[in-house]
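Residues per chain, in single letters:
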Amino acid sequence: MAPRLQLEKAAWRWAETVRPEDVSQEHIEAAYRIRLEPCLRGVCRRNCKGNPNCLVGIGEHIWLGEIDENSFHNIDDPNCERRKKNSFVGLTNLGATCYVNTFLQVWFLNLELRQALYLCPSTCSDFVMGGGVQEEKDYEPQTICEHLQYLFALLQNSNRRYIDPSGFVKALGLDTGQQQDAQEFSKLFMSLLEDTLSKQKNPDVRNIVQQQFCGEYAYVTVCNQCGRESKLLSKFYELELNIQGHKQLTDCISEFLKEEKLEGDNRYFCENCQSKQNATRKIRLLSLPCTLNLQLMRFVFDRQTGHKKKLNTYIGFSETLDMEPYVDHQGGPYVYELGAVLIHRGVSAYSGHYIAHVKDPQSGEWYKFNDEDIEKMEGKKLQLGIEEDLAEPSKSQTRKPKCGKGTHCSRNAYMLVYRLQTQEKPNTAIQVPAFLQELVDRDNSKFEEWCVEMAEMRKQSVDKGKAKHEEVKELYQRLPAGAEPYEFVSLEWLQKWLDESTPTKPIDNHACLCSHDKLHPDKISIMKRISEYAANIFYSRYGGGPRLTVKALCKECVVERCRVLRLKNQLNEDYKAVSNLLKTTIKGEGFWVGKSSLRSWRQLALEQLDEQDGDADQSNGKMNGNSMNKDESKEERKEEDEVNFNEDIVCPHGELCISENERRLVSKEAWTKLRQYFPKAPEFPSCKECCSQCKILEREGEENEALHKMIANEQKTSLPNLFQDKNRPCLSSWPEDTDVLYIVSQFFVEEWRKFVRKPTRCSPVSSVGNSALLCPHGGLMFTFASMTKEDSKLIALIWPTEWQTMQKLFVVDHIIKITRTEVRDVNHSEAQYISEPKLCPECREGLLCQQQRDLREYTQATIYVHKVVDNKKVMKDSAPELNVSSSETEEDKEEAKPDGEKDPDFNQSNGGTKRQKISHQNYISYQKQVIRRSMRHRKVRGEKALLVSANQTLKELKIQIMHAFSVAPFDQNLSIDGKILSDDCATLGTLGVIPESVILLKADEPIADYAAMDDVMQVCMPEEGFKGTGLLGH
């Protein structure tokens, strides 16, 4: 396959020797590569995009030869969704409901429970009319029992491979996206089911939960002194067995029943002895249920991390369990057979997957229930080996112990279900009640209708595929053009025609047209030349256009491209010639050229020639509707706002600029060569005068600068102390030599100082602008006390003598002053301070409330966190920060700006216009900005700056701190201003964390295994378990 660039050069090699006016039809066909040899199948491995005659590798290989009809459709066989013979029905996982599915399958295979539920009366009788099910509406169970009835009926007789339990899950109010504690779910649901069935009249239904799952034990305490026994009877539905430190199930049961000594502070108060005595306490099993549920406590609370963790230790258990040695009353056989093993895959308590291995009580065969998938175990044996291999390995993983015949061991089993061994086997099949069977039959009918519909769609797809196969086999042989009449079609369309996964659209050739509505020469790399016979069939079957025949070869574009290529070849020689001409002395008339343009004229010429060469970059674009049109590309080039050649010496008025440093005089010969590449460039002969308007503006600018310097010098001389911030009055220690002080805004003073320092770069400040300190009613917004403390940064105090000068220098919109008077009585005199204008209490109170709200309703504000050890701040670099600002905040960068630049915190009026009175809301905004700047906290080295919002919780902040300091959330002790922050659910706003706050972090001893952070991230939100669900009566 010839390289694409090599084909491109070969197609235009003739342009080196042929002038544009001498271009012939032969040259045009060479540019469009009409005569290139076509590629052969087997020789060319992939399509040559530079060769329009290469029709290999465009997707034809999947159609040539014989094709299996199964490849003609993308619709799965509906029979794959059909239940297999002698198999069970699966349950759809709705997101994270695998723990529900496992228990539903275990309860379904409890035949006694299933039979009892079928005996429950149902509201379904209202749904059935005239011996049949109402067709106009779907059946919706009303109670938990009805949901379970319907699910069990579908699991028993459905034709589907799996069914949807969403109605049951929704009735319980479970969150399908959150995985819950499976053992807790089992307990709560059994309690709910027992309570629901307790209202039934039939005793076989009412007592089924107790008959199947309920046993009884007693807490027995024996006094060592008198031997008196105290018993506390209790029912149980499962035994919770501790597995820590044990390897066998029998050891776990023995520990559950072992004797405990009550001594020392834990002594027992004996009612017989009427005193505290040493005693022993143990659990005695009094009776066992038919179905014995043994909960292996794999998920335990870890005191070190403050969260649950999973114990991945192996526990051995046998298929037969003799409980007789553990029962206090030897009243019957207590030999149990293993009926189910519930498995949790995964090493974390907060993630993983639940499955169940359950034994069919009728056939004795073991099945693995994994949501939708049901797998029958070979040889009627329980096989847990693969479940152990799927668990994630850990460094401290212990080797799997060897298991004898009839025994198993698992590190993922969290519940074992044993069934009481009986002589008779349940051979009689459980019959589904008639009303439920009608519902199941209706669902099966829907499924069969769906299967028929899918099978018909598959058949149509196959028929369509066969027709397309014949079409391709016929047309592909006639596709090459050869010497016969030909047309051009885009390669992309041909590939889509051969793509079985997408429907063929009409042919669209608009994207490959040039400005003359013919085929653009640069688009030939993405076009293919096909025979007129094939083109006629394509357009008759699929439509589209415009058709690109031999008349679509554009001579104008080829001639223009020839001219551009010749100029490109000549560019290097002209560059050397212009460089030599610039070194010679200019004789006669010259021309002004911008120095910047001279430095980059070769690059500008090359770019301009590329633009004239056509939109070559678009040749790689898509052909059917996604390519950029010409108008859009032109607009984009305009938006780039590039300076064209010699436009760098054009003034805003379109004339020659006045700065001679930016331009240079070149000879007429040099300008002639440059003009050849830039015919539209502005021309300025050496005799051309500079712009008269620019000269006037330059003189005015010089005069203004001199005037500003004079004004600044005069104001600096008149107010030296105010400028240098020396000898300033203070309200907290009122000066003795005056009874009146005047007030202006600190903003005015800062802006005035900027102007005096840099008068040529800043506009003069002509107005004092005291309206910013007043409310809309004209009242003062500050109290005397606040102006001595928190508001002192917002105002500047002026001496009476300075005020007289300022009234002459500036426009004063409002006079604000503080007057001190002496109030005398018989015993003493007291100073009283009166402001003019007086305080506006309502607006002052509104301002304070608004400030408090702003401090509680912020977004993306910066706070600082200090890590302390022994109540001392430490400078410690730790983990990379998350959402941490740089060492210099944006506000610090503002202060580093040169004087005279606009401060983004303020809005300075231009010129000498008088500042208008701003609204109350604008004043509050001004207050916020100044307050924020005055309260700015200087971040010190080693301190972490975090970006937070007022509505995020303390728990979320702790996660940020964990990334910044590598301290787990449960090891963090946070405080602010001596107040402990402990409520993880509270927001930062309610906890009093405001922008620029400093939070102290004291860390407990870190956990030894940082891998436990995985569990921490799983519980970023507080655990709520089954709160708010139907399992708790909500």
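This write-up is about the structure you can find in this document. As the structure is a prediction and not an experimental result, all values here were calculated from the model.

**Some words on empty space enclosed by the protein**
For the structure on display, the rule yields 3 cavities of 30 Å³ or more. The wall of the second largest cavity is formed by Leu 91, Cys 98, Asn 101, Thr 102, Gln 105, Tyr 354, Phe 369 and Asp 371. Take the lining of the second largest cavity: its biggest share by element is 4 residues, from helix H3 (residues 98-108). A class-by-class count of the residues in the lining of the second largest cavity yields 4 nonpolar, 3 polar and 1 charged.

**Digging into the side chain of Thr 291**
Looking at the secondary structure, you find Thr 291 in strand E12 (residues 291-296). The class of Thr 291 is buried, set by a relative accessible area of 2%. There is a polar contact of 3.3 Å between the side chain of Thr 291 and the side chain of Asn 110. In this structure Thr 291 touches Asn 110, Gln 212, Phe 213, Val 417, Tyr 418 and Arg 419, once residues within four positions along its chain are discounted.

**Digging into the pattern of salt bridges**
Going through the model one piece at a time under the given rule, you end up with 29 salt bridges. Between Glu 229 and Arg 284 there is a salt bridge, with the nearest N and O atoms lying 2.9 Å from each other. Of this pair, Glu 229 sits in strand E6 (residues 229-236) while Arg 284 sits in strand E11 (residues 279-287), placing them 55 residues apart in sequence. Using a relative accessible area of 15% as the deciding quantity, one classes Arg 284 as buried.

**Here we look at the packing of aromatic side chains**
Tallying each qualifying case throughout the model produces 33 aromatic pairs. A network of ring pairs unites the aromatic residues Tyr 99, Phe 103, Trp 107, Phe 168, Phe 185, Phe 189, Tyr 354 and Tyr 414 as a single cluster. The ring of Tyr 575 carries Arg 602 above its face, with NZ or CZ at 4.1 Å from the centroid.

**Let's talk about the packing of H3 against helix H8 (residues 182-197)**
Any two packed helices are characterised by how steeply their axes cross, that is the angle between the axes, and by the distance between the axes. Put simply, H3 and H8 touch, their axes get as near as 10 Å, and they point 50° apart. Comparing the axis directions of H3 and H8 gives the class oblique. Of the two elements, H3 crosses H8, and the hand of that crossing is right-handed. Between H3 and H8, the contacting residues are Tyr 99, Val 100, Phe 103 and Trp 107 on the first element and Ala 182, Phe 185, Ser 186, Phe 189 and Met 190 on the second.

**Side note on the sheet that holds strand E5 (residues 215-223)**
The antiparallel open sheet is built from 4 strands, whose spatial order is E6-E5-E11-E8. Sheet topology places E6 and strand E8 (260-262) at the edges, where each strand pairs with a single neighbour. Taken over all neighbouring pairs, the strand axes of this sheet differ in orientation by 25° on average, direction set aside. Relative to E11, E5 is paired through 8 bridges, and the arrangement is antiparallel. Of the residues in E11, the one forming a bridge with Val 222 is Thr 280.

**A few points about the nonpolar core**
Grouped together as the largest cluster of nonpolar side chains are 64 residues, with contacts concentrated most on Phe 185, Phe 189 and Leu 193. At 9 residues, the largest contribution of residues to this core is made by helix H6 (residues 144-157). Beyond its immediate chain neighbours, meaning those up to four positions away, Phe 189 contacts Trp 107, Ile 144, Leu 148, Phe 168, Leu 172 and Leu 1031. Counting residues in hydrophobic clusters, the runner-up holds 35 residues, among them Cys 252, Leu 311, Tyr 334 and Val 341.

**Quick notes on a negative patch on the surface**
On the surface, Glu 698, Glu 700, Glu 702, Glu 703 and Glu 705 cluster together to form a negatively charged patch. Within the secondary structure layout, Glu 702 lies in helix H21 (residues 692-718).

**Considerations on the state of the cysteines**
Think of a disulfide as a covalent bridge from one cysteine sulfur atom to another cysteine sulfur atom. On inspection of all chains with the given rule, the structure shows 0 disulfides. Free cysteine Cys 691: the closest other cysteine sulfur is in Cys 651, separated by 3.7 Å. The class of Cys 691 is buried, set by a relative accessible area of 3%.

Criteria and thresholds
- Residues numbered from 1 in each chain as written.
- Predicted model: local features only at pLDDT ≥ 70, side-chain atom pairs only at ≥ 80, totals over all residues.
- Heavy atoms only, no water.
- 1 Å grid on protein atoms, 1.4 Å probe; cavity = no way out; pocket = protein on both sides within 12 Å on 5 of 7 lines; lining within 4 Å.
- Points joined across faces, edges and corners; volume = space filled by probe spheres on them.
- Helix = DSSP H or I, 4+ residues; strand = E, 2+ residues; numbered from the N terminus.
- Nonpolar A, V, L, I, M, F, W, Y, C, P; charged D, E, K, R; others polar.
- Buried < 20%, exposed > 50% of the residue type's maximum accessible area, 1.4 Å probe, protein only.
- Polar contact = N/O pair within 3.5 Å; in protein donor to acceptor, adjacent residues only side chain to side chain.
- Contact = heavy atoms within 4.5 Å.
- Salt bridge = Lys/Arg side-chain N within 4 Å of Asp/Glu carboxyl O.
- Phe/Tyr/Trp six-rings, centres within 6.5 Å; stacked < 30°, edge-to-face > 60°.
- Lys NZ or Arg CZ within 6 Å of the ring centre and 35° of its normal.
- Axes fitted to C-alpha atoms, helices over the stretch in contact; angles between N-to-C directions.
- Parallel < 35°, antiparallel > 145°, perpendicular 65-115°, else oblique.
- Left-handed = near helix turned anticlockwise from the far one by under 90°.
- Pairing = 2+ DSSP bridges.
- Core = buried A, V, L, I, M, F, W, Y, C linked by side-chain atoms within 4.5 Å.
- Patch = residues over 30% accessible without salt bridge, like charges linked within 9 Å, V, L, I, M, F, W, Y side chains within 5 Å.
- Areas by Shrake-Rupley, 256 points an atom, 1.4 Å probe, with all protein chains shown as cover.
- Lys, Arg positive; Asp, Glu negative; His and termini not counted.
- Charge placed at Lys NZ, Arg CZ, Asp CG, Glu CD.
- Disulfide = S-S within 2.5 Å.

This is a description of form; function is not addressed.
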